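Now for the letters of each chain:
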Amino acid sequence: MAYLSGLVVRASDQGRLVADMESFGSDMFLEAGATRVRVMQNVMGGDQAGEINIACEWDSLDAAMRAPGDLREKQEMIDSMQAAGVQTLRRSLISIEAERGTQEGEFASLLVHSGNPLDPATMNANLDQNWAHMQSGANGLMYGRGLAAGPLTGLYVAITATDSADELMAASAAMFADPVIQQRMAEQNTQLVARQMLRLLA
């Protein structure tokens, strides 16, 4: 199973944080075992707006669990976090259940919903139905579930990457207007909980 971790922070010097992540920070996460690193800012998300999410994908939960402690022992990382005025807010873990396309693009949507427990076959069938709509306005769609994620634990998460937030939302509106999607959501007791709109920083 693959995993997605999110280290959520605020920084008094956002430019310094982004520059350091591009210079060496992302490489440190990769050396710790991450397979992909993205730095994104919550632009629209209620009281979480402005927070910065360092999102890492992992093939090993052991590596994801060891990485925070290992990175805190590196002086270069310590100096960078202090210089950027980084305040850690929370760290969350999500299982990656299914994916279509690629998580590339300037913008992203993180949509949280509740619903019945789903087996892998149903999850993939749902994703195929949704991707048929979303691919017109998105580069990729990832489905996951909160494993150790505070109030998101046990909830489903859909992360959509795009080059245009306008096109993403148009595709999303068309998807939710589809009677087939509406019927499926009713049958599976799907209830939307929250959405965040994010922008890629590094």
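Here is a short report on the structure shown in this document. These numbers come from a predicted model, not from an experiment.

Assigned secondary structure in the protein chain consists of six helices and eight strands. Counting from the amino terminus, helix and strand elements in the protein chain follow one another as β-α-β-β-α-α-β-β-α-β-β-α-α-β. Along the first, second and third principal axes, the C-alpha set of the protein chain runs to 55 × 35 × 30 Å. For the protein chain, the proportion of its 202 residues judged to be buried stands at 46%. Considering only residue pairs separated by 6 or more positions, the protein chain has 78% of its internal contacts joining residues 24 or more positions apart. Across the protein chain, the centroid of the 14 positively charged side chains sits 4 Å from that of the 25 negatively charged ones.

Right, let's talk about the side chain of Asn126 for a bit. Mapping Asn126 onto the fold places it in helix 4 (residues 120-134). The exposure class assigned to Asn126 is buried, which follows from its relative accessible area of 5%. A distance of 2.9 Å separates a polar atom in the side chain of Asn126 from a polar atom in the side chain of Gln188. The contact partners of Asn126, leaving out residues within four places of it in the chain, are Leu118, Tyr143, Arg184 and Gln188.

What follows deals with the pattern of salt bridges. Counting across every chain of the model gives six salt bridges. Across the salt bridge formed by Arg90 and Glu51, the nearest N and O atoms sit 2.5 Å from each other. Of this pair, Arg90 sits in strand 4 (residues 86-101) while Glu51 sits in the loop between strand 2 (34-44) and strand 3 (52-58), and the two are 39 residues apart along the sequence. Look at Arg90 and you get partly exposed, because its relative accessible area is 30%. A residue is classified by how much of its surface remains accessible, and Glu51, at 7% relative accessible area, is buried. A salt bridge links Arg199 to Glu106; its shortest N-O distance comes to 3.1 Å. Of the two residues, Arg199 sits in strand 8 (residues 191-200) while Glu106 sits in the loop between strand 4 and strand 5 (107-114), which places them 93 residues apart along the sequence. Note on Arg199: relative accessible area 40%, which makes it partly exposed. The class for Glu106 is partly exposed, based on a relative accessible area of 33%.

Time to look at the nonpolar core. The nonpolar side chains of a soluble globular protein tend to be buried, and buried together. With 22 residues, the main nonpolar core has Met21, Phe29, Val37, Ile54, Cys56 and Trp58 as its most contacted residues. Residue assignment for this core shows that the elements contributing at least two residues are strand 1 (2-11), helix 1 (14-31), strand 2, strand 3 and helix 2 (61-72). In terms of residue count, helix 1 provides more of this core than any other element does, six residues in total. With residues near it in sequence (within four places) discarded, Val37 still touches Met21, Ser26, Phe29, Leu30, Ile54, Ala55 and Cys56. Core analysis: the next-biggest nonpolar cluster, separate from the first, contains 16 residues, Leu111, Trp131, Ala138 and Leu168 among them.

Criteria and thresholds
Residues numbered from 1 in each chain as written. Predicted model: local features only at pLDDT ≥ 70, side-chain atom pairs only at ≥ 80, totals over all residues. Heavy atoms only, no water. Helix = DSSP H or I, 4+ residues; strand = E, 2+ residues; numbered from the N terminus. Buried < 20%, exposed > 50% of the residue type's maximum accessible area, 1.4 Å probe, protein only. Contact = heavy atoms within 4.5 Å. Lys, Arg positive; Asp, Glu negative; His and termini not counted. Charge placed at Lys NZ, Arg CZ, Asp CG, Glu CD. Polar contact = N/O pair within 3.5 Å; in protein donor to acceptor, adjacent residues only side chain to side chain. Salt bridge = Lys/Arg side-chain N within 4 Å of Asp/Glu carboxyl O. Core = buried A, V, L, I, M, F, W, Y, C linked by side-chain atoms within 4.5 Å.

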